[in-house]
Amino acid sequence: MKINAKGVYYRDLNERVRAAVDGGAENIDLANVNGQYYIGDGINRPVTITIQGVPGNDLAAFMNGATIIVKDNAQDNIGNTMNAGKVIVHGHAGDVLGYGMRGGKLHILKDVGYRVGIHMKSFRDNKPILIAGGKAGDFFGEYMAGGVLILLGMFSDDQAKPKHGFRFGTGMHGGVIYVRGPVDESKLAREVGVFELTLEDRKELEEYLRDYCKDFKLDLKEILKEKFIKIIPKSSRPYGNMYCPMPK
Amino acid sequence: MMNKRKSTHYFQKDISNCGLTGLISKTGQMVEGSVIIKSITLMHDRGNGLGGGFAAYGIYPDYKEFFALHLMYQTQPALQLTEEYLGQNFAIEQEEDIPTRQSPAISNPPTFKRYFVKTLPVTKSKGAGKFKKFTEEDEVVRHVMQINHGIEGAFVVSSGKNMGAFKGVGYPEELAEFFRLEEYKGYIWTAHNRFPTNTPGWWGGAHPFTLLDWSIVHNGEISSYGINKRYLEMYGYLCTMLTDTEVVAYMLDLLIRKHGLTPELASLALASPFWDNIDRMPTEERELMTAIRQVYGSALLNGPFAILFASNEGLVGLNDRVKLRPLVCAEKGDFVYMASEEAAIREICSAPDRVWAPRGGEPVIARLNKGVM
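This structure is a prediction, so every number in the text was calculated from the model and none was measured.

(A) A look at the overall build of chain A. Each helix and strand counted, chain A has 3 helices and 11 strands in total. Mapped from its N terminus to its C terminus, chain A presents α and β elements in the order β-α-β-β-β-β-β-β-β-β-β-α-α-β. On C-alpha atoms alone, chain A measures out to a radius of gyration of 18 Å, which is about the 18 Å that the 2.2 N^0.38 rule sets for 248 residues. Its C-alpha atoms put chain A at 55 × 45 × 30 Å along the principal axes.

(B) Seen up close, the overall build of chain B. Per the secondary structure count, chain B includes 10 helices and 18 strands. The C-alpha atoms of chain B give a radius of gyration of 20 Å, which matches the 21 Å a tight globule of 373 residues would have. Looking at chain B as a whole, 58% of its 373 residues are labelled buried. Within chain B, contacts between residues separated by at least 24 positions form 74% of all contacts whose residues are at least 6 apart in sequence. Taken as a whole, chain B presents about 16000 Å² of accessible surface, with 51% of it coming from carbon and sulfur. Here chain B carries 39 positive and 42 negative side-chain charges, and the mean point of each set is 2 Å from the other.

(C) How the structure looks around the pattern of salt bridges. All names here are of chain A. Here the structure, examined in full by the defined rule, presents 33 salt bridges over all chains. The partner of D215 in a salt bridge is K86, and the shortest N-O contact between them spans 2.7 Å. Of this pair, D215 sits in helix α2 (residues 199–216) while K86 sits in strand β5 (residues 84–89), placing them 129 residues apart in sequence. Three or more residues are tied together by salt bridges with common partners; here these are K86, K105, D211 and D215.

(D) Structural context of the packing of helix α2 (residues 76–89) of chain B against helix α3 (residues 136–150) of chain B. All names here are of chain B. Put simply, α2 and α3 touch, their axes get as near as 11 Å, and they point 160 degrees apart. In this view, α2 runs roughly antiparallel relative to α3, as classed from their interaxial angle. For the crossing formed where α2 meets α3, the hand is right-handed. Together, T82, Y85, L86 and N89 of α2 and H143, Q146 and I147 of α3 make up the contact between the two elements. Classifying every residue of the contact of α2 with α3 gives 3 nonpolar, 4 polar and no charged.

(E) The confidence of the model for chain B, seen in detail. Across chain B, pLDDT averages 93, with 93% of residues at or above 70. For this predicted complex, the interface score ipTM comes out at 0.95, while the overall pTM is 0.94.

(F) Expanded view of the nonpolar core. Of all hydrophobic cores here, the largest spans 97 residues; its most connected members are L181, V248 and L255 of chain B. Looking at which element gives the most residues to this core, the answer is helix α6 (residues 246–258) of chain B, with 9 residues. Residues contacting L181 of chain B, with those up to four places away along its chain left out, are G33, I37, F54, F166, A176 and W189 of chain B. Residues V21, A60, A74 and L97 of chain A belong to the second largest nonpolar core, which totals 51 residues.

(G) Examining the interface of chain B and chain A more closely. Taken residue by residue, the interface counts 22 residues in chain B and 23 residues in chain A. Where chain B abuts chain A, roughly 2100 Å² becomes buried across the two surfaces, and 40% of that area is made up of carbon and sulfur atoms. Taken together, the links from chain B to chain A amount to 3 salt bridges. Where D138 of chain A meets R359 of chain B, a salt bridge forms, and the shortest distance between an N and an O atom there is 2.9 Å. Where chain B packs against chain A, one counts 16 residue pairs in polar contact (both at pLDDT 80 or more). Listed by contribution, the elements that provide at least two residues to the side of chain B that touches chain A are α8 (275–279) and α10 (342–346) of chain B. Residue composition of the side of chain B that touches chain A, grouped by class: 9 nonpolar, 3 polar and 10 charged.

(H) Structural detail: the pairing of strand β4 (residues 64–70) of chain A. Residue and element names in this part refer to chain A. Bridge count for strand β3 (residues 48–54) against β4 is 4 bridges, and the pairing is parallel. For T50, the partnering residue across the bridge sits in β4 and is I69. One ladder, built from 5 bridges, connects β4 with β5; its direction is parallel. By the bridge assignment, T67 is partnered in β5 with K86.

(I) Up close: the sheet that holds strand β4 (residues 67–73) of chain B. Residues and elements named next belong to chain B. Pairing within the open sheet is antiparallel, and its 4 strands lie in the order β5-β6-β4-β7. The open sheet terminates on both sides in strands that have one partner only, identified here as β5 (90–97) and β7 (154–158). Strand-to-strand twist across the sheet, computed as the mean angle between neighbouring axes with direction ignored, equals 30 degrees. Inspection of the sheet shows β4 paired to β7 by 4 bridges, in the antiparallel sense. For Y73, the partnering residue across the bridge sits in β7 and is A154. Where α3 meets the sheet, its contacts fall on β4, β5, β6 (111–119) and β7, and the angle it forms with β7 comes to roughly 140 degrees.

(J) Spatial organisation of helix α1 (residues 10–22) of chain A. Residue and element names in this part refer to chain A. Along its 13 residues, α1 runs 18 Å from first to last C-alpha, staying within 8% of the 18 Å computed at 1.5 Å per residue. Considering only its buried residues, α1 is in contact with β1 (2–4), β2 (27–34) and β3. At the exit of α1 stands G24, carrying a positive phi of roughly 90 degrees.

(K) Main features of unusual backbone geometry. All names here are of chain B. At the junction of H207 and P208, the peptide bond is cis and its omega measures out at 0 degrees in the coordinates. With phi around 55 degrees, N162 is a residue other than glycine that occupies positive phi space. For N162, the location among the structural elements is in the loop between β7 and β8 (163–168).

(L) Quick look at the sheet that holds strand β11 (residues 228–233) of chain A. All names here are of chain A. An order of β1-β2-β3-β4-β5-β6-β7-β8-β9-β11-β10 is seen for the 11 strands of this open sheet, with the pairing classed as mixed. Either end of the sheet is taken by a strand with one partner, and the two such strands are β1 and β10 (192–195). Strand-to-strand twist across the sheet, computed as the mean angle between neighbouring axes with direction ignored, equals 15 degrees. In this sheet, β2 lies alongside β1 in parallel orientation, the contact comprising 3 bridges. If you follow I3 over to β2, its bridge partner there is L30.

Definitions and cut-offs
Residues numbered from 1 in each chain as written. Chains lettered and ligands numbered in written order. Predicted model: local features only at pLDDT ≥ 70, side-chain atom pairs only at ≥ 80, totals over all residues. Heavy atoms only, no water. Helix = DSSP H or I, 4+ residues; strand = E, 2+ residues; numbered from the N terminus. Rg over C-alpha atoms; globule rule 2.2 N^0.38 Å. Buried < 20%, exposed > 50% of the residue type's maximum accessible area, 1.4 Å probe, protein only. Contact = heavy atoms within 4.5 Å. Areas by Shrake-Rupley, 256 points an atom, 1.4 Å probe, with all protein chains shown as cover. Lys, Arg positive; Asp, Glu negative; His and termini not counted. Charge placed at Lys NZ, Arg CZ, Asp CG, Glu CD. Salt bridge = Lys/Arg side-chain N within 4 Å of Asp/Glu carboxyl O. Axes fitted to C-alpha atoms, helices over the stretch in contact; angles between N-to-C directions. Parallel < 35°, antiparallel > 145°, perpendicular 65-115°, else oblique. Left-handed = near helix turned anticlockwise from the far one by under 90°. Nonpolar A, V, L, I, M, F, W, Y, C, P; charged D, E, K, R; others polar. pLDDT = per-residue confidence, 0-100. Core = buried A, V, L, I, M, F, W, Y, C linked by side-chain atoms within 4.5 Å. Buried area = accessible area lost by both parts, 1.4 Å probe. Polar contact = N/O pair within 3.5 Å; in protein donor to acceptor, adjacent residues only side chain to side chain. Pairing = 2+ DSSP bridges. Expected span 1.5 Å × (residues − 1).

Here it is in structure tokens:
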């Protein structure tokens, strides 16, 4: 099913997308998208939505099981409180990606902005995975409570830009961040520490990256050429004593 | 669908943001107003109809030696008093109504007039100005403050050479229609779509805020408004627009025009790095930043912001230090674009050479090439 989104108001576009989903469409192609908000929000079925153009903010919020493929760049707030499914972005993406995300996958080919993976969480089998192939802004993994963030630093349009920003992992108290190559430890928050990957970590990471490489037709061997490090919180309650000392 | 009764209120959650967009041709190519209108209209839903506005540079080539005063009058007496004041303090080359067209979307607009003026020779100038080595620009600033502060119902919307601001209550595309902006051509344009949060939505409170040829559009909140305002008052700047953003226009005038800071350094005073980041800098840079923070502590803008500021020399985009508001930039040939959303740029430049998100606190500076204009 094809929808030409040129000049279509976001509310009308999303109504048409939802009607197509309710009508049992398996594949929905959106052409000429530019800036329409809320695409794919709350969609509860494993349908594939392919977007040509730049979708607006709040893509795939509360999404539960659908796949969204963005062939261009994307904007802010992708995958807010997403439950299941996948978003694949073939360009860069903006700030606050995966906010409170609790399942599913975000695969971004290039750079990501500030506050990526903020307050991601996991519970039992629900484990959100966010992979950024380029570089990241400040507050990567801020208040992260669960799930997996992976930063490759490989596919950026800006060679001079540092791989990651300041206040990396501020308030992080759960989950894990994998980074390809070294990090600048002076930019890490004091709540987190750098560790070596265990054999199990490596197996898990490879599994995530294999899927990522499939989406973008990349060579997994090339990505694995460099050593990865693991960043995890030192404490599960970093602010336990912030307002008053808590009993031990 | 057609006969469905329309409710007067839409009860779904409003999307609360401001939207901003701007462009510059570094070689001074003239761009029609329709281009920036298209860009800001894409972000219609970032505002709520309580404020929209535009700044345009290069629009008055026939009067480029004159200060173009855009005046807004809420009452007839305000107009009379102001014209009397202007007549006493300026040599007026040309005065006219700012062309507008009636629009159902715009209710009860104030009266808009523009005056192309020169300051009087020092010998004829009243007041203490002539003893203080006032420049022409200082004179204009003093009179702008005097009108805004002293004449009830009269406000200077802009006061620079070869530029003008057009703003009011409504969505930006409605104000563009009202002010017939498609009839203007400029080499720098900025636009704003307002969603007022802390201060009233009134005609003078719409963006851009201006002084001389400085103009600023802003998305965010300036929590340090009180400190900034008191600091500016010591230098004779009076805040009269009931909105935080006003301080930024005056601060730029003070830091760049009066104190001679570069736009880069002024940006670092407005959005200084945190002390812990300064501690990590190489010696020379650390000393510079320490000095900036010590001298210009009261110029620091606290709170979330993305701003675009322009002058006849160029366009600058700046985020707060932790990037709490969106800002995306793009380049195509000699054009530089800056906006709250990439889609607003792609709407008017579908295939830029480069698109990037600037870091918090790092100004993006696009200067007009030397010798142009």
